[in-house]
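Inside the fold
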Amino acid sequence: MIHLMKNSQKRAALEFRQFWYLIKHILPKVLPLNSRNLFRLKNAIRDLRSRGGIQAAGQPMYAQIEPTTACNLTCRFCLNRHLAHPRDHLLYEQFVQILNGLPGLLAINLQGLGEPTMNKDLFKMASEARRRKIYVFTVTNLNLSKKMVCKLADSEFDAINISIESVDPEKYAWYRRGGDIRTVVRNLKLLGNLKKKNGRTFSVGIWTTMTEETIGSIESIFEFASQSGVIERIQTVFLTDKASHVSKYEDALRTQQIADRRAKAKKVRAVLHFLSRKYGILASLVEGKCSWPWSSVYINAQGLLSPCCNIRNRDLKWGDVAEGNIDRAWYGTEWDKLRKGLVTGKPHRACAGCPYV
Ligand SMILES: C[S@@+](CC[C@H](N)C(=O)[O-])C[C@H]1O[C@@H](n2cnc3c(N)ncnc32)[C@H](O)[C@@H]1O
Ligand code: SF4
Ligand code: SF4
């Protein structure tokens, strides 16, 4: 029966399961239906309905907040080492200011261009988000000390994701310079044991950045996840081919860019659908039209706003948390221009060469 399904049906099934997963986890965050939660729900509906328009109707319901730009690895595909400010840490006070300035938030991702666990206040931030009933998750390379894994396991995160491109030790170390998959395996085991022992409810997922080199071995990630006994989801993304990124890639990586993304996306979704059923693990591919400017915002470790994690140039002055009024930026002309660019197919210069246009 599954084999008879068309690609479009497989995609719909994959997306529906992902959507259902989110609903299941986010819905309890907006109960009881008091005035604050009703505001957040209505705001989310306004966001969804405004998609495709030039002006935002609601405030961001989702924010990616960068705790730090410090990192313990130098991965080949990552722009972290090209940052002008490589060791900024977001202050806890700035974080609270962000949450106060964005009352529509339903979910936040505490992750940016750096290793989140290197911000000493990360867990305090997660606790504050949880206290405000915001679904909070992070992404880590898990090349961490045992002490740090214990802190992660004891944290208030709703979900913890681990980045892995390959389970082959040599390949892993090629992409993740300074990293060791054996450390990840050891730490994942510890995380799973502590979760069970302490009756914690956080979910654990894998994030994997696919290249032409790794795309054929995606099943090994499912096997790895299944053997771990703790991984519930696998989220895949293609190596970014936004011009601003590609210009920084070394030749050995540039040749591994995904060729013919659209056709590949179809095939990968069909494979993910099959593997997801085979291993009983949720799976998704982040690919398709961008919806960020209608619902989401990115805030870097300096407290500066931008429309997404792919836009890091600061000359356009998207907004500054320190200036207080996050709303003014979000409803401002630059953001309108960005939305207009995506709607009309004449992208804003900040989106130039982005695969999600
Ligand atoms: C920037 S990292 C930060 C969190 C943490 N340090 C980690 O590696 O998981 C977040 C995610 O971005 C992905 N990433 C980094 N550079 C990328 C690129 N050029 N294309 C696609 N994904 C990328 C990483 O693989 C990782 O899953
Ligand atoms: S660990 Fe994460 S932030 Fe650090 S270099 Fe690798 S992908 Fe970038
Ligand atoms: S289309 Fe623009 S806003 Fe959307 S992800 Fe790409 S660069 Fe960011």
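Each remark here, short or long, concerns the structure printed above.
In this report, the structure presented in the accompanying data block is examined. Predicted model, so just to flag it, every value in this text is computed and none were measured.

In this section: the sheet that holds strand 5 (residues 203-210). Across the sheet, which stays open at both edges, the nine strands sit in the order 7-6-5-4-3-2-1-8-9 with mixed pairing between neighbours. The open sheet has two edge strands with one neighbour each: strand 7 (282-286) and strand 9 (305-306). With five bridges connecting them, strand 4 (residues 159-163) and strand 5 associate as parallel partners. Bridge pairing in strand 5 places Ile 160 opposite Val 204.

Here helix 14 (residues 333-344) is twelve residues long and its end C-alpha atoms lie 16 Å apart, about the 16 Å a rise of 1.5 Å per residue gives. Regarding helix 14, the residues found buried are Trp 335, Leu 338, Arg 339 and Leu 342. The buried residues of helix 14 all sit within an arc of 95 degrees when viewed along its axis, so they share a single face. Exposed side chains of helix 14 directed beyond 90 degrees from the buried face belong to Thr 333 and Thr 344. Residues of helix 14 that are buried make contact with helix 12 (292-295) and helix 13 (326-330).

Every residue lining ligand 3 is accounted for by Cys 290, Trp 292, Pro 293, Pro 307, Cys 308, Asn 310, Ile 311, Cys 351, Cys 354, Tyr 356 and Val 357. Residue composition of the shell around ligand 3, by class: ten nonpolar, one polar and no charged.

Turning to the pairing of strand 2 (residues 107-110), a few remarks are in order. Side-chain alternation along strand 2 places Ala 107 and Asn 109 on one buried face and Ile 108 and Leu 110 on a second face that is also buried. Bridging between strand 1 (residues 62-65) and strand 2 involves four bridges; their strand directions are parallel. In the strand pairing of strand 2, Ala 63 is matched with Ile 108. Two strands pair when backbone bridges link them, and strand 2 and strand 3 (residues 135-140) are joined in this way by three bridges, in the parallel orientation. Counted as the bridge partner of Asn 109 is Phe 137 from strand 3. Following the backbone out of strand 2, through helix 4 (residues 122-131) and into the adjacent parallel strand 3, one traces a crossover that is right-handed.

Further remarks concern the site of ligand 1. In the vicinity of ligand 1 there are 16 residues, among which Phe 77, Ser 163, Trp 207, Thr 209 and Thr 240 approach most closely. For the shell around ligand 1, the secondary-structure elements that each account for two or more residues are strand 3 and strand 5. Looking at side-chain class alone, the shell around ligand 1 contains eight nonpolar, seven polar and one charged residues.

What follows is about helix 3 (residues 92-101). Taken together, the buried positions of helix 3 are occupied by Phe 95, Ile 98 and Gly 101. What you see down the axis of helix 3 is that its buried residues fit within an arc of 130 degrees, all on one side. Exposed residues pointing more than 90 degrees away from the buried face of helix 3 are listed as Glu 93 and Asn 100. Where helix 3 is buried, its residues contact strand 1, helix 4, strand 8 (296-299) and helix 13.

Turning our eyes to something else, we now look at the packing of helix 8 (residues 218-228) against helix 11 (residues 261-279). Packing of helix 8 against helix 11 leaves a shortest axis separation of 11 Å and a crossing angle of 25 degrees. The pairing of helix 8 with helix 11 is recorded here as roughly parallel in orientation. The chirality of how helix 8 crosses helix 11 is right-handed. Here helix 8 contributes Ile 218, Glu 219, Phe 222, Ala 225 and Ser 226 to the contact with helix 11, which in turn contributes Val 271, Leu 275 and Tyr 279. Classifying every residue of the contact of helix 8 with helix 11 gives six nonpolar, one polar and one charged.

Parameters and conventions
Residues numbered from 1 in each chain as written. Chains lettered and ligands numbered in written order. Predicted model: local features only at pLDDT ≥ 70, side-chain atom pairs only at ≥ 80, totals over all residues. Pairing = 2+ DSSP bridges. Helix = DSSP H or I, 4+ residues; strand = E, 2+ residues; numbered from the N terminus. Expected span 1.5 Å × (residues − 1). Buried ≥ 20, exposed ≤ 12 C-beta atoms within 10 Å, placed from the backbone. Arc of directions from axis to C-beta. Contact = placed C-beta atoms within 7 Å. Near = placed C-beta within 6 Å. Nonpolar A, V, L, I, M, F, W, Y, C, P; charged D, E, K, R; others polar. Right-handed = clockwise from strand over helix to strand, strands pointing away. Axes fitted to C-alpha atoms, helices over the stretch in contact; angles between N-to-C directions. Parallel < 35°, antiparallel > 145°, perpendicular 65-115°, else oblique. Left-handed = near helix turned anticlockwise from the far one by under 90°.

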